[in-house]
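Here's the letter readout for the chains.
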Amino acid sequence: MTTITSSIGRTEAVRPRRTEARDASAFASLFTRFTEDVFGRIDVAYLLEKSTFALTLCNEKNEAIAHAIFLDYPNWNITDQSNWESFLNKNYVNNKCTPLNTLFMHLFVAKEEYAAGCSQEIIRRAFIAIPELQFILLFIPADENLGPGLDGVFEKMMTAPGSAVDKTFTLLVCPRHQHHPQLHIRKARLEDFDDLMPIWTRQNEILKETHSEYFLADIIACQDEENQAVVCEDGGTVVGFMSLCSQVDISLLRESFDLRLFHGLCKPHPEDVLEVPKENQKSQEAETVSSQSLEDISDEDAAVQVTHNGVIAVSHTKLPLDDVIHTDFHASPSFLEAEEKDTFHPIYRGASNAFCIRLFCIDEKYETRSLDFLHYVFKLFPDKDFCIILVPHCVPEFYLIQSFVRVAPSCTSQFGHELYVFHRNCAYDAVALQDGTPVQAFVAEVLDQIVGISVVRDEMDIVYIQTHYNIEDFIHFNYYQQEEHGELYHFVLNPIFRHYTKHFLKEILRLAHKSSLFYPVYPQYAKGKFQNPFAHSLTSALHYMVPVRPRRQIVYPLEELGINAPSEQVSKDQPRYSLNHINRKLIMESKVSVNSRIVVVGASDVGISFLETLVFCPHLKFSNLTLISTHGLPGKDLPGSKHRRFLIHSHCFNDEDYAQMSLCSWVNVVVGKMTGINRSAKYVVVSKERKVPYDYLVLCTGQNYQVLSPTEADISTFATNKEVTSKRPQRYTGKIPSNHFTLNDDQDCLKAMEWLKENFINSEGNIIVYGNTIDIYTTVETFLSLGIDGSRIHLVQPPLSSNVTCLNNNEIESAVQEALSEAGVSVYYDSILAQWSKGDDPDLITRAAFTTNRKPFQLQCSAFFSFAYKRVDYETFKAVNDACLVFDGKLVIDTEFRTNDVSIRAAGPLTKYSRRYYADEWTHSNFNSKQIGFELAASMLSLFDPTLQPFSKPPEDTDSLIPMYKGCKIQGGVLPRGYNYLHISKPEVPIRLDLVLALSDHGTEIVTGKARDGNYFRMHINKYSMVDSITCFSKEPLPASNYICLYGQHERLLNDLSYRWDEGQITDLYSYFREPWSMAIYHDRFIDLQKELRQILLSEQVREMPRYHSGNLAIAPADAPERPPTRLSPQVPPERQTEDSPVPPPLAAPAVRYLLRHGAQLPMYARGRPAGERGAGR
């Protein structure tokens, strides 16, 4: 904290922070009579929303005592915001202000007695926070004077001869050198040792232990043309040090990193080979780079070592290598496969064009001035154009390398560090942006050479964006006009200037008169759109934008709603895309770069949810996320592809979700199967050949259907199940027949469908479906939908391992069995696979034999689908077991997802809790996989996110309890006869439904329709009047996302469901939940309304009231007496209802505001203003 002094001599300790939207109300109390005179009439909330940079000073009591807001154009309407640079050049002398180095103060307020000190501190902090900033300008009316505080900060700029601008406005300037000047850089001398040692020892414990006390003195004393050392000074005191070397192993770097964009860090040479020779177009295999162990490197040749404070030591010798398969963070799976095939590497014959930073340290107070070194060090190596630095993966990104460009490792890289590059021309603040044609095209220039181009157009679909994405997490739409939103079509910037990306974007906003930009990334299957995010021109700018989460959409019953349906802009069906966003106030918000190598094994729902959570952290930038998956990322198929009906759906993610996440833009994908883990060297072996290094390994492989080995019972002796059930099921270890299928993901299903179309549908023979999971029914229905006759389908069910069936509902099971019989499907119960015979072709199963409780039987077989043996994959088990991770039937974890290795986490059906918790019946299989993935990510974010507050330790008596997640479990699919099935339930250990119904405290069962009629709807209300299970069985498509919203709701929120059921008013739950009143419950913001109403109910305002209603949503205390509700008419405006209804204004007002705010999605509700409020309306 910094101490400031008031005008009467009192002192106050203050600290700076970024101003937030909630601070707007605090500005008014600090306004003085000078504020409006100097800055004009200000809408503070609007100004904050459009600000480029805003700072607040708080005292020790966390009270705000000063605020300042800065924008990138003048604070009075003197000239167009896109032309102010030429305006200054024309009207003022010695003008050095450019859009890159200048901001305008639009507002400053402070406690009057501390105004002078606060203004000095805010200006100083602004210069510290923005290293490029050189000038802060302020226009004031010519007849006004600055109020107390600012008058000692600014000085007047001289107008040009003949200019008349000073008659109306005075321009004041505050230059950097008066508050936070640039550091003086010079060569290091031995006498600097005493100043450097306190900084060195304070920041770097590792090097202090491994090197002598006079290590720095030796470096300074041994300088020559190739090895240089420089220091930075402030007021004659040395505050930083940098050691440099011009000897760089370029060949090693070229083998490990993709340096094509930097000409291989070599000088151009006439004999360079930059393209594949015409006589040799075929790809060649890349040579494997030999690795060098850490033990082989002496102390003198130490590798990069870094403390959390940012001291860097980089040796110019070859550094230790780790085996790695890596692509650029933008690479999609298709790019990875293509790059592995195309192994051509350019040949550079020119001399080295780079020098490296070996050591770097700087006092923390001057860290933001680290770039001051670079202007000087390039003069020491006039023949070199690139400065490079190597940083270990787990080191947080510090100020110096934030201006460097991170180089993407190549696929065959075995390097254990990140490479950052800085070009000579980037050391000069000379980037200019020019407006192009009226189609909103812009170019970036450096030294009169074009280095970037961008194309922008107006965003015309803003209503769709607002209703389909959580864009209001970043902007307040009330402060934006339609024309202020733009869509970024193209963005190309020379990679050596990539750290100017945010300045480029800032200038695009200013010159185009925009306040926000959007960029969509369409999925690979979207025709007419860019197929590959890696190859897209915007790739380099994505890290400076924020990915926007999609919003859950209401499935509207458009026919029932009629004229009250939402507009086409809201309800239209169009290709989904991932949305990225940037606006003025986000431009200066720096993301925290996380270079730790996080490797996720398994593209399960848990793994995808984990990656989604990390990717959508707006203030974090994960550069090294890698997914190892047998078939890459899911969601590559066209929406609604028929083969996706083979397996039951968890409803964690669907086609639209995958399209709106665009994980391929952020995650490296290694296609293959994990076959080994080396814990000491920290790498994963993929498909027994490739090595993927990790800092943190996350195992989410789940359980898969395995090929079950026949029992080999002798059916000629009429063996029965009794003779073979004592044997445990065994995994088949022989060569798998080509007509044997186990379906575990979409790609397995696609291959099976293609095989059926090619080899089965138009031929003769039988399909055998073996198993007793719900997937057998969805698979049989898929066969029937393909036109396969039911008589050719044989459904063989082995004995159940428990007394709970997969459907656990007698009425639905009866309807399914009736549908199977009607289709001609043969069903066999309690049958165990005994043998399969391969006939003449050893690659095909031709017959299969089964034992039963009585006598065995045989079936001709042309295709065999097995769903009988679901276990942890054998290769996964072997990799885990060989790595000495504790495996007890499943991988053992604690309540924080940790295995017995602190670097390895695991989650999902692969895992089980340690036996010390005495909860063997509870595993992650009992919970919602999407929530498990989210909780897994949340448990690890504390390792990477410096903004998170440390968690308080749980009470001692709870550390032996497992967490009970509350998200619902969901199963959905299409069963025989085209029945749409959906089951939503609470996390639980499975129990037979008839036993549950017999419990005395079971609650209420509400059932309408019949399963065999295809209109069955069952809802269970527990003893607490909460919905805790829903089962739907319908011939019509189900709005699953709507019904999922009903889970966990109090029955009174569902329009007094129990009361209406008891009164016989409900005969069809399907039509009941399509009524207009229910639409608000399906809205994704409804949970926010519930939280607000609950807070009001708990407050003193309404605590004594016996019962209330808000619109059609009845809200009552838990101990309220039962009595019929008062229903409010949806046709009567809410403000009139609240006057005569028992709903008090504190409850009615939030409900009305909710309907007003979301009127575009909820037009079926009458809207007005809450009672007692004025000016509210649609």
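The coordinates are above.
Quick notes on the rules
Residues numbered from 1 in each chain as written. Predicted model: local features only at pLDDT ≥ 70, side-chain atom pairs only at ≥ 80, totals over all residues. Heavy atoms only, no water. Helix = DSSP H or I, 4+ residues; strand = E, 2+ residues; numbered from the N terminus. Buried < 20%, exposed > 50% of the residue type's maximum accessible area, 1.4 Å probe, protein only. Contact = heavy atoms within 4.5 Å. Areas by Shrake-Rupley, 256 points an atom, 1.4 Å probe, with all protein chains shown as cover. Pairing = 2+ DSSP bridges. Axes fitted to C-alpha atoms, helices over the stretch in contact; angles between N-to-C directions. Salt bridge = Lys/Arg side-chain N within 4 Å of Asp/Glu carboxyl O. Polar contact = N/O pair within 3.5 Å; in protein donor to acceptor, adjacent residues only side chain to side chain. Right-handed = clockwise from strand over helix to strand, strands pointing away. Parallel < 35°, antiparallel > 145°, perpendicular 65-115°, else oblique. Left-handed = near helix turned anticlockwise from the far one by under 90°. Nonpolar A, V, L, I, M, F, W, Y, C, P; charged D, E, K, R; others polar.

Caption draft 1: Inspection of the overall build of the protein chain at higher detail. Helix and strand counts for the protein chain stand at 33 helices and 53 strands. Within the protein chain, the fraction of its 1178 residues that count as buried is 57%. Pairs at least 24 residues apart make up 73% of the contacts formed inside the protein chain by residues separated by at least 6 positions. In the structure as shown, the protein chain presents an accessible area of about 51800 Å², 49% of it carried by carbon and sulfur atoms.

Caption draft 2: View of the sheet that holds strand β30 (residues 674-678). Reading across from one edge, β30-β31-β32 is the order of the three strands in this open sheet, with antiparallel pairing throughout. Both outer strands of the open sheet, β30 and β32 (690-693), are each paired with one neighbouring strand and no more. Geometrically, the sheet is characterised by an average inter-axis angle of 25° between neighbouring strands, direction not taken into account. When β30 meets strand β31 (residues 683-686), the two strands line up antiparallel, connected through four bridges. The residue of β31 that forms the bridge with Asn678 is Tyr683.

Caption draft 3: Expanded view of the pattern of salt bridges. Under the counting rule described, the total for this entry stands at 48 salt bridges. Here Arg551 ties to Asp1084 by a salt bridge, and the two come within 2.8 Å at their closest N and O atoms. Residue Arg551 is found in the loop between β23 (546-548) and α15 (558-561), and its partner Asp1084 is found in the loop between α30 (1079-1082) and α31 (1086-1098); the two are separated by 533 residues along the sequence. Here the residues in one salt-bridge network are Glu818, Glu822, Arg977 and Arg1012, joined through shared partners.

Caption draft 4: How the structure looks around the side chain of Ser862. Position of Ser862 among the secondary structure elements: in the loop between β41 (857-860) and β42 (863-867). The class for Ser862 is buried, based on a relative accessible area of 17%. Within polar-contact distance, the side chain of Ser862 engages the side chain of Gln860 at 3.1 Å. Not counting the four nearest positions on each side in its chain, Ser862 is found in contact with Asn739, Trp755, Phe760, Glu764, Gly765, Asn766 and Ile845.

Caption draft 5: A look at unusual backbone geometry. The backbone of Ser662 shows a phi angle near 50°, a positive value even though the residue is not glycine. For Ser662, the location among the structural elements is in the loop between α19 (655-661) and β29 (668-671). With relative accessibility at 6%, the residue Ser662 sits in the buried group. For Ser1025, which is not glycine, the phi torsion reads 65° and is therefore positive. With respect to the secondary-structure elements, Ser1025 resides in the loop between β50 (1015-1021) and β51 (1027-1034). Residue Ser1025 is classed as partly exposed on the basis of its relative accessible area of 24%.

Caption draft 6: A look at the pairing of β29. Of the strand pairs in this sheet, strand β28 (residues 625-629) and β29 are connected by four bridges, and their pairing is parallel. Across the sheet, the residue bridging to Ile628 is Val670, located in β29. Tracing the backbone out of β28, into α19 and back to the parallel element β29 gives a crossover that is right-handed.

Caption draft 7: A look at the packing of helix α18 (residues 605-615) against helix α25 (residues 929-941). At their nearest, the axes of α18 and α25 sit 7 Å apart, and the two run at 45° to each other. By the angle between their axes, α18 is oblique relative to α25. Relative to α25, α18 is oriented so that their crossing is right-handed. On the side of α18, the interface is formed by Asp605, Val606, Ser609, Phe610, Glu612, Thr613 and Leu614, while α25 contributes Ser929, Lys930, Ile932, Gly933, Phe934, Leu936, Ala937, Met940 and Leu941. A class-by-class count of the residues in the contact of α18 with α25 yields nine nonpolar, four polar and three charged.

Caption draft 8: Local environment of the pairing of strand β10 (residues 227-234). Burial runs high along β10: seven of the eight residues are buried. Hairpin connection from β10 to strand β11 (residues 237-245): two residues lie between these consecutive antiparallel strands, with Gly235 at a positive phi of about 60°.

Caption draft 9: Examining the side chain of Arg584 more closely. Inspection of the secondary structure puts Arg584 in helix α17 (residues 584-587). If near-sequence neighbours (up to four positions away) are discounted, Arg584 is found in contact with Lys50, Ser51, Thr52, Asp72, Tyr73, Gln81, Leu509, Arg510, Lys514 and Ser515.

Caption draft 10: Broad picture of the sheet that holds strand β2 (residues 11-18). Taken together, the eight strands give an open sheet; going across it, the order is β1-β2-β3-β4-β5-β6-β8-β7, and neighbouring strands pair in mixed fashion. Each edge of the open sheet is held by one strand with a lone partner, namely β1 (2-5) and β7 (155-156). In this structure, β7 lies alongside strand β8 (residues 169-175), joined through two bridges in antiparallel fashion. Counted as the bridge partner of Glu155 is Val173 from β8. Of the strands in this sheet, β5 (102-110), β6 (135-141) and β8 touch helix α4 (residues 84-91), which is tilted by about 75° from β6. Contacting β1, β2, β3 (53-58), β4 (64-71), β5, β6 and β8, helix α5 (residues 115-129) crosses the sheet at an angle of about 135° to β3.

Caption draft 11: Geometry of helix α22 (residues 775-785). Within α22, nine of the 11 residues are buried, leaving the element largely enclosed by the surrounding structure. What α22 keeps buried is the set Asp775, Ile776, Tyr777, Thr778, Thr779, Val780, Glu781, Thr782 and Phe783. Phi for Gly787, located one or two positions after α22, is positive at around 95°.

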